[in-house]
There are 2 protein chains.
Amino acid sequence: MTALITTPGFVDAHIHPDKTTWGSGWLSRTPAQSLTDLIGNDLRAQLSLQDSVEDRAYALMSQAVLNGTMAMRAHVDVAPQIGLKNIHGVRAAAERLAPFLNVQVVAFPQFGLLSNPGTLELMEAALTEGADLVGGIDPESVDGDLHGHLDAIFALANRHGRDLDIHLHDVGAEGLAQLRVIAGRTVAEGMQGRVTIGHGFALCDASQPAIGATLEALADAGIWMATCALGADPVPDLDLVESHGVKVALGSDGVRDAWSPFGTGSMMDRAHLLGYRTGASTDDELERCFRLATTAGAELLGSAVVKGFSGPTSLDRLEFAANSIPELVVDRPAPLRVIRRGEAITLKA
Amino acid sequence: MTALITTPGFVDAHIHPDKTTWGSGWLSRTPAQSLTDLIGNDLRAQLSLQDSVEDRAYALMSQAVLNGTMAMRAHVDVAPQIGLKNIHGVRAAAERLAPFLNVQVVAFPQFGLLSNPGTLELMEAALTEGADLVGGIDPESVDGDLHGHLDAIFALANRHGRDLDIHLHDVGAEGLAQLRVIAGRTVAEGMQGRVTIGHGFALCDASQPAIGATLEALADAGIWMATCALGADPVPDLDLVESHGVKVALGSDGVRDAWSPFGTGSMMDRAHLLGYRTGASTDDELERCFRLATTAGAELLGSAVVKGFSGPTSLDRLEFAANSIPELVVDRPAPLRVIRRGEAITLKA
């Protein structure tokens with residue numbers, strides 16, 4: 001006989017709903033060896049998909065809502081090749097889900113910023129229209145100009161009064177060095193607590209000599225790490241990262257898109273995968289996975305409905321058939337009910 | 001509208017049903033840093049569990065059957081601390097599932113062979129009683145005697161006319177060196193095609209200088225690799241391994257035991273996790289995951305019911321709601337029906 005447990009809602013701190021093929025036909029993917037290949041495949045796929053960004057994003061985002069996500073930070077591609085189409089599509093999908101899902105939109109220069117001329121102007125336009133955060137991507141390996149890229153995105157952030165969320169895939173000593181530069185810029189610009197690193201694979205190699213110093217620099221700058229527990233990419237040693245004072249939140253990354261056929265948009269699944277990938281085995285370690293999928297993301301995004309959870313009578317809550325949080329993370333059932341404003345939600349198409 | 005597809009059954013080429021807590025109460029695990037810690041925790045946990053080996057193994061093995069597994073190779077602990085209790089329990093569970101599940105039992109010296117005096121005699125007794133294969137474990141790092149360990153297990157295999165299935169966790173150049181020694185012994189003993197390596201984590205580091213030569217040696221000896229797509233352990237580059245002619249099959253490893261709370265015994269889940277962990281993205285790569293979970297294991301175990309699958313009218317088959325094999329691997333639904341000898345199976349408790 002299984003008990004019923006009540007929990008706060010999920011927060012997806014890093015997702016790409018504009019790229020997904022969720023709800024559309026199967027995408028047979030082409031091989032990709034490098035980040036450059038993957039980015040090229042991504043653009044080609046997006047330009048060829050029949051269903052609109054709004055329809056595809058809505059399919060994925062509503063799936064997430066039904067599985068208990070209450071807030072999400074969506075990185076949305078901005079580039080001359082696509083204009084602001086993706087931003088508008090994700091915004092439209094978010095509006096249809098508005099009572100149930102808070103969406104932060106990150107204007108994300110996926111295909112390069114300075115290296116893809118015209119992108120900077122589009123980022124400016126996206127922010128003027130209301131995009132919530134300034135995105136960034138691998139200043140050295142994708143944009144080829146560490147300081148130029150950082151100058152550009154910090155300037156956008158300052159001018160529009162927005163926070164920053166920068167994708168950092170680069171590994172090794174070079175990856176760690178970029179992170180320390182970003183930490184230094186964050187402090188110099190007075191943006192402590194307002195910068196997130198997406199992925200931060202360089203922080204996932206505990207054998208790197210500079211990792212302790214880098215984590216300390218990030219912690220001093222109040223920088224968050226958004227991790228996605230991907231199958232074939234490095235994952236952080238959560239004890240190491242958290243013990244240095246760096247805050248971590250969890251996200252889905254891309255779901256069933258050109259990059260990967262995997263993912264479901266369910267943060268219950270993501271918490272499970274985080275445990276599986278990081279070798280979580282004790283009850284504390286499993287509970288941490290649930291915290292990173294819920295209240296940690298809520299603190300990062302400032303989600304009042306998730307932060308405000310106080311127990312079984314909370315107006316915004318999830319109900320699961322489970323005996324405990326550790327067992328919930330292992331069994332990863334869908335919620336029995338998603339309660340918003342005191343009522344079980346249903347979604348109309 | 002989703003189609004119906006018919007597939008061969010699953011084969012679990014590497015599972016530890018004697019250790020599982022499936023169907024029993026939740027096990028709150030203690031931290032473990034090293035293989036030695038994990039082995040110690042495992043023994044302590046097994047000695048403290050209330051439910052019998054037979055009941056726990058039956059719970060897991062029946063779950064596997066309902067999810068489409070038709071044959072499995074079960075590594076079962078043999079040690080003076082437990083005698084042949086685990087062997088007998090797994091055999092009893094297998095007998096209760098006999099029309100639906102073919103079980104090979106590997107007598108597995110989990111807690112050491114030469115380093116755990118009395119184990120060798122128990123292995124002999126297990127084989128005399130009918131255990132199907134001779135197991136082994138990390139001759140250097142667990143048993144402390146590469147040639148002594150191999151002498152002992154090859155002698156058992158020869159005397160009883162059984163195949164070998166050796167757990168090899170050791171990584172790096174040393175791990176690869178042990179594998180080449182095992183390959184050499186296999187050829188010298190005329191046992192080509194009759195030796196399996198379980199895990200073989202050393203084969204999962206494509207950057208090792210000796211990896212090509214080691215894979216060639218294994219291929220020449222007809223040695224199989226049983227991999228389990230674990231979350232926090234290395235996974236093979238399947239293209240690299242298969243292109244050198246080494247055959248691979250997939251298994252669950254331990255399921256919800258002292259080592260890890262994860263796992264379900266479903267080979268559909270395992271195929272999915274193999275894809276997720278190896279970054280499978282093309283249709284071919286996803287189909288390979290399904291092959292490794294079905295016909296590859298069937299070839300290793302000699303499973304006639306799975307090897308004999310020839311299409312939708314096969315007497316032993318699985319039926320899924322799915323549009324294609326790649327989509328099946330990504331969506332990982334439970335089978336709609338498991339058909340054995342022409343009839344949908346049901347299990348009585």
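Every value quoted in this text rests on a predicted model; they were computed, and no experiment measured them.

Asker: Just to check I follow, could you spell out the confidence of the model for chain A for this structure?
Answerer: Close reading of the predicted structure is inappropriate where its pLDDT is low. Mean pLDDT for chain A: 96, with 99% of residues reaching 70 or above. What the predictor reports for the complex is a pTM of 0.98 with an ipTM of 0.97.

Asker: Would you explain the UniProt feature "domain: Amidohydrolase" (unreviewed entry) in chain A in this entry?
Answerer: Those places that UniProt annotates as "domain: Amidohydrolase" (unreviewed entry) correspond, in this numbering, to residues 56–308 of chain A. Annotated as residues 56–308 of chain A, this span is 46% helix and 16% strand, and its ends, taken at the C-alpha atoms, are 31 Å apart.

Asker: Would you explain the interface of chain A and chain B in this entry?
Answerer: Much of the literature gives interface size as the accessible area that the parts lose upon coming together. Taken together, the contact pairs 30 residues of chain A with 30 residues of chain B. Summed over both sides, the interface of chain A with chain B buries roughly 2500 Å², with 60% coming from carbon and sulfur. Broken down residue by residue, the surface that chain A buries against chain B is led by Trp26, Phe262 and Tyr276 of chain A, which jointly contribute 32%. Our enumeration of links across chain A and chain B arrives at two salt bridges. The salt bridge partner of Asp331 of chain B is Arg256 of chain A, with a shortest N-O separation of 2.8 Å. Across the contact surface, chain A and chain B share 10 residue pairs in polar contact (both at pLDDT 80 or more).

Asker: What am I meant to see in helix H4 (residues 119–129) of chain B here?
Answerer: Residues and elements named next belong to chain B. Within H4 the residues assigned to the buried category are Thr119, Leu122, Met123, Ala126 and Leu127. Each buried residue of H4 sits inside an arc of 135° when the element is viewed along its axis, so together they form one side. Opposite its buried face, H4 presents the exposed residues Glu121, Thr128 and Glu129, each directed more than 90 degrees away. Where H4 is buried, its residues touch helix H3 (85–96), strand E4 (102–108), strand E5 (133–137) and helix H5 (146–160).

Asker: I keep staring at the relation of the copies chain A and chain B and nothing clicks. Help me out?
Answerer: The relation between the two chain copies is a rotation about an axis coupled with a shift along that axis. For the pair chain A and chain B, the superposition axis carries a translation of 0.0 Å, the fit reaches an RMSD of 0.0 Å, and the rotation angle comes to 180°. What we have between these two chains is a two-fold relation. Measuring from the rotation axis to each C-alpha of chain A, the shortest distance belongs to Gly231 of chain A, at 4.0 Å. Both copies contact each other with a shared surface, as 100% of the interface residues of chain A are interface residues in chain B too.

Asker: Quick question: what am I supposed to make of the packing of aromatic side chains here?
Answerer: Within a pair of aromatic rings, the relevant descriptors are the distance that separates the centres and the angle that separates the planes. Counting across every chain of the model gives seven aromatic pairs over all chains. Geometrically, the ring pair formed by Phe10 of chain A and Phe320 of chain A is edge-to-face, given 6.3 Å between the ring centres and 70° between the ring planes. Here Phe10 of chain A is found in strand E2 (residues 10–15), whereas its partner Phe320 of chain A is found in strand E10 (residues 317–321), with 310 residues between them in sequence. In this pair, the class of Phe10 of chain A matches that of Phe320 of chain A, namely buried. When the centroid spacing of 6.2 Å and the interplanar angle of 35° are considered together, the rings of Tyr276 of chain A and Tyr276 of chain B count as tilted. Taken together, the residues Tyr276 of chain A in helix H9 (residues 267–278) and Tyr276 of chain B in helix H9 (residues 267–278) connect one chain to another. Between the NZ or CZ atom of Arg29 of chain B and the centre of the ring of Trp26 of chain B, over which it lies, the distance is 5.1 Å.

Asker: How should the sheet that holds strand E8 (residues 224–227) of chain A be read in this particular structure?
Answerer: Within a sheet, adjacent strands bond to each other through the backbone by hydrogen bonds, running parallel or antiparallel. Residue and element names in this part refer to chain A. One open sheet holds the eight strands; their spatial order is E2-E3-E4-E5-E6-E7-E8-E9, and the pairing between them is parallel. Looking at which strands have only one partner, the edges of the open sheet turn out to be E2 and strand E9 (247–250). Between one strand axis and the next, the sheet turns through 25° on average, direction left out of account. In this fold helix H5 (residues 146–160) packs onto strand E5 (133–137) and strand E6 (163–168), with an angle of close to 170° to the strand it touches most, E5.

Asker: Before we go on, may I ask you to explain the side chain of Asn86 of chain B in this structure?
Answerer: Within the secondary structure, Asn86 of chain B is located in helix H3. Setting aside residues no more than four positions away along its own chain, Asn86 of chain B makes contact with Asp18, Gln46, Val53, Val76 and Asp77 of chain B.

Asker: Honestly, the sheet that holds strand E6 (residues 163–168) of chain B in this entry has me stumped. Any pointers?
Answerer: Residue and element names in this part refer to chain B. Pairing is parallel across the open sheet formed by eight strands, whose spatial order is E2-E3-E4-E5-E6-E7-E8-E9. Edge strands, defined here as strands with exactly one partner in the open sheet, are strand E2 (10–15) and strand E9 (247–250). Here the strands of the sheet are splayed against their neighbours by 25° on average, with no regard to which way each runs. With five bridges joining them, E6 and strand E7 (residues 195–199) adopt parallel strand pairing.

Asker: Just to check I follow, could you spell out the pattern of salt bridges for this structure?
Answerer: All names here are of chain A. In the structure shown here, the tally under the stated rule is 37 salt bridges over all chains. For Asp151, the salt bridge is made with Arg185, and the minimal N-O distance between the two is 2.7 Å. Taken as a pair, Asp151 in helix H5 and Arg185 in helix H6 (residues 172–188) lie far apart in primary sequence, 34 residues in all. When its relative accessible area of 17% is taken as the criterion, Arg185 is described as buried. Two residues, Arg291 and Glu242, come together in a salt bridge whose shortest N-O distance is 3.1 Å. Here the residue Arg291 occupies a position in helix H10 (residues 283–293), and Glu242 occupies one in helix H8 (residues 238–243), the gap between them amounting to 49 residues. Counted as one network, the salt bridges with shared partners bring together Asp239, Glu242, Arg288 and Arg291.

Cut-off values and rules
- Residues numbered from 1 in each chain as written.
- Chains lettered and ligands numbered in written order.
- Predicted model: local features only at pLDDT ≥ 70, side-chain atom pairs only at ≥ 80, totals over all residues.
- Heavy atoms only, no water.
- pLDDT = per-residue confidence, 0-100.
- UniProt positions renumbered as here; feature names shortened; annotations may be inferred.
- Helix = DSSP H or I, 4+ residues; strand = E, 2+ residues; numbered from the N terminus.
- Contact = heavy atoms within 4.5 Å.
- Buried area = accessible area lost by both parts, 1.4 Å probe.
- Salt bridge = Lys/Arg side-chain N within 4 Å of Asp/Glu carboxyl O.
- Polar contact = N/O pair within 3.5 Å; in protein donor to acceptor, adjacent residues only side chain to side chain.
- Buried < 20%, exposed > 50% of the residue type's maximum accessible area, 1.4 Å probe, protein only.
- Arc of directions from axis to C-beta.
- Least-squares fit on C-alpha atoms with pLDDT ≥ 70 in both.
- Phe/Tyr/Trp six-rings, centres within 6.5 Å; stacked < 30°, edge-to-face > 60°.
- Lys NZ or Arg CZ within 6 Å of the ring centre and 35° of its normal.
- Pairing = 2+ DSSP bridges.
- Axes fitted to C-alpha atoms, helices over the stretch in contact; angles between N-to-C directions.

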